[in-house]
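# Descriptive structure summary
What follows is the residue order along each chain.
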Amino acid sequence: MSESKYREIAREIEKLIEIGHYEEGSKLPTHRALASEYETTAVTIAKAYKLLAEQGHIESFVGRGSFVKNTSYLKQVIHSDQAENEWNFSILQPCFSRHLDALYRQFGQCASEPFTPSLFGYIEDTGSLAHKESGMKWMQHYGLQVRSPEQVLLTNGAQHALSTLIELYSKPGDYVAVEELTYPGILSIIQALGRKPIGVEMDECGMLPNRLHEICLSDRPSLVIVVPSHQNPTASTMPIERRKDIASVIQKHSVWLLEDDLYCFLNADVMAPISNFVPEKSFYITSLSKAISPGLRCGFVKAPQSQLNRLTSYIRTMIWHISPIGFDVASRLIQSGSAFELAEGQKKIAAHRQQLALSILQGETLFSQETSYHIWLMLPETWDADEFTAIAKERGITVSEGHFFHYDGQPIPAVRLSLMAISEDQHLIAGLQALKSLLDQRRSS
Ligand SMILES: Cc1ncc(COP(=O)(O)O)c(C=O)c1O
């Protein structure tokens, strides 16, 4: 078989993907099936698939096959549609039904005030100083050391902060070190920007500092991304000693840290973030999405003093500035103290729902904390994660499947359950019971 044969086949498959013959996210034929179609060997097809994967058209997973790359990858993990008789355990957002009144009140007040040019016109910088001050207050309340509001940057949610920082502080082809199981939104950005994720092993306290040290030596990542509180998906929170140890590794290798601490308000006590121990090498990211509303798109970044100009001018180049209207509502909530009350209210709902879930899922192996929004549920050996997720979906139960959280997409016998997207407790209980009986189905048969 000539060297160019596999390239020819790869080009043909690429065209078939372009015209939609192979749809986004669909599974490609096996090596053997395609080999007989193209009258060649399975080895040649494997080489064609490898080339297509390198070019970013497809993704291959050990044991699961090759798939046309899905640009809407996140859509598969997080499903926002929710019919009345269904249970959506896939979306990690606050339980709005409990605090909508407070939000509407604040929006109403904003709308009833006289016209303010700073809300409706172009503004200086990437956001107003008053809104940065509110961001500073929010972050300080949960333990971050910030000296002045000028150190705070405003972004369209944490996702925008993450994509901006990954783009600015790494180059295509660079490694980005992440927890081996992590939030798929981080993996999506890394892949979309042509960087390579490298997973750092974890234990019940999160990322292992000695493994991070070894990876810094062997793969020289440009960035390290850590979710230190109520980690998505494992729900682990790094104790203070672990935070200090991670900070030492960051310092030692002079690598940039992105500390994504959206769930800090769920910690039992205020905890110093890792960034406090390495302020000149870290970007601390948070947002109001989990405590108040993802619709506000209010994200805050505390950047090292040395990086402020670079980051500000990049954000300005890319988006000019954030929409001040959502930040104004957020700012009023923070300055009046009601943002903290709403966050505390959500934490109480989470605590109550964890108790409900733990009693219904008794006997299952799962990971969560008293006030986590979610549960990382290990599936019994009798269940394959793909199949479990598909059958659950047929029964109206939407869960987020394990492999989406693995840095390399490897199959993981677990699913993530968010306990907060379902608004009524009774409906949540019925959903958990339905889930439990599905888990048990394979045990009794
Ligand atoms: C760890 C983590 N970071 C970032 C985000 C995105 O947050 P935002 O809505 O602020 O963009 C999420 C959302 O689930 C998340 O879990």
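The shown structure was predicted, so the numbers you read here are calculated from the model rather than taken from an experiment.

## Some words on the packing of aromatic side chains
- By the definition in use, this model includes twelve aromatic pairs.
- Summarising the aromatic geometry, the rings of Y169 and F283 are spaced 4.8 Å apart at their centres and angled 50° between planes, so their arrangement reads as tilted. Note that Y169 is positioned in helix α8 (residues 157-169) and F283 in strand β11 (residues 282-287), a separation of 114 residues in sequence.
- Judged by relative accessible area, Y169 falls into the buried class, the value being 6%.
- Take F283: its relative accessible area is 0%, and that puts it in the buried class.
- Considering the side-chain rings of W383 and F388, the 5.2 Å spacing of their centres and the 80° angle between planes classify their relative orientation as edge-to-face.
- Given a relative accessible area of 4%, W383 falls into the buried group.

## Description of the sheet that holds strand β12 (residues 298-302)
- The sheet built from seven strands is open, its strands ordered β4-β12-β11-β10-β9-β5-β6 with mixed pairing. Each of the sheet's edge strands pairs with one partner strand only, and the pair in question is β4 (152-156) and β6 (196-200). Adjacent strand axes in the sheet meet at a mean angle of 25° when their direction is disregarded.
- Where helix α10 (residues 209-219) meets the sheet, its contacts fall on β5 (175-179), β6 and β9 (223-226), and the angle it forms with β6 comes to roughly 145°.

## Here we look at the sheet that holds strand β13 (residues 366-367)
- Reading across the sheet, the four strands line up as β13-β14-β17-β16 and stay open at both edges, with antiparallel pairing between neighbours. The open sheet has two edge strands with one neighbour each: β13 and β16 (400-401).
- The sheet contact formed by strand β14 (residues 374-378) and strand β17 (residues 414-418) spans five bridges and is antiparallel. Within the sheet, the bridge partner assigned to L377 lies in β17 and is V415.

## Topic: the nonpolar core
- Counting residues in each nonpolar core, the largest one holds 66 residues, and the members touching the most others are W138, I225, L258, F283, I292 and F300.
- No other element matches α8, which puts seven residues into this core.
- Counting contributing residues, this core receives three or more from each of domain 2 (73-98 + 341-444) and domain 3 (101-339).
- In this view, I292 contacts P94, F96, H99, L103, L333, A339 and L342; residues no more than four positions away in its chain are not counted.
- Residues F388, A392, L417 and L419 belong to the second largest nonpolar core, which totals 26 residues.

## Some points on the domain arrangement of the protein chain
- Domain parsing of the protein chain yields domain 1 (3-68), domain 2 (73-98 + 341-444) and domain 3 (101-339).
- A straight line from the C-alpha centre of domain 1 to that of domain 2 covers 34 Å.

## Remarks on the pairing of β5
- Buried residues dominate β5, accounting for four of its five residues.
- Sheet topology places β5 next to β6; five bridges connect them, and they run parallel. Paired with E179 across the bridge in β6 is V200.
- Where the polypeptide runs from β5 across helix α9 (residues 184-192) and back to β6, its parallel neighbour, the crossover connection is right-handed.
- Note that β5 and β9 share three bridges and pair parallel. Across the sheet, residue V176 finds its bridge partner in β9, namely L223.

## Here's the deal with the pattern of salt bridges
- Within the structure shown, the criterion is met by 13 salt bridges.
- The salt bridge partner of E201 is R211, with a shortest N-O separation of 3.0 Å. Within this pair, whereas E201 is found in the loop between β6 and β7 (202-203), its partner R211 is found in helix α10, the two being separated by ten residues in sequence.
- Linking D440 and K436 is a salt bridge whose minimum nitrogen-to-oxygen distance equals 3.5 Å. Linking D440 with K436, this pair stays in helix α16 (residues 425-444), spanning four residues, or about one helical turn.
- Among the residues examined, K436 registers a relative accessible area of 14% and is labelled buried.
- Look at the salt bridges and you will find they share partners, linking R98, R353 and D425 into a network.

## Digging into the site of the ligand
- Of all residues adjacent to the ligand, which total 13 residues, the nearest are D260, Y263, S287, S289 and K290.
- N232 is positioned with one of its side-chain polar atoms (N or O) 2.8 Å from an oxygen atom of the ligand.
- One nitrogen or oxygen atom from the side chain of R297 is found 2.9 Å from an oxygen atom belonging to the ligand.
- Tallying contributions element by element places α8 first for the shell around the ligand, with three residues.
- Here the shell around the ligand is built from residues that sort into five nonpolar, five polar and three charged.

Rules behind the numbers
- Residues numbered from 1 in each chain as written.
- Predicted model: local features only at pLDDT ≥ 70, side-chain atom pairs only at ≥ 80, totals over all residues.
- Heavy atoms only, no water.
- Phe/Tyr/Trp six-rings, centres within 6.5 Å; stacked < 30°, edge-to-face > 60°.
- Helix = DSSP H or I, 4+ residues; strand = E, 2+ residues; numbered from the N terminus.
- Buried < 20%, exposed > 50% of the residue type's maximum accessible area, 1.4 Å probe, protein only.
- Pairing = 2+ DSSP bridges.
- Axes fitted to C-alpha atoms, helices over the stretch in contact; angles between N-to-C directions.
- Contact = heavy atoms within 4.5 Å.
- Core = buried A, V, L, I, M, F, W, Y, C linked by side-chain atoms within 4.5 Å.
- Domains from an automatic or database assignment.
- Right-handed = clockwise from strand over helix to strand, strands pointing away.
- Salt bridge = Lys/Arg side-chain N within 4 Å of Asp/Glu carboxyl O.
- Near = heavy atom within 4 Å.
- Polar contact = N/O pair within 3.5 Å; in protein donor to acceptor, adjacent residues only side chain to side chain.
- Nonpolar A, V, L, I, M, F, W, Y, C, P; charged D, E, K, R; others polar.

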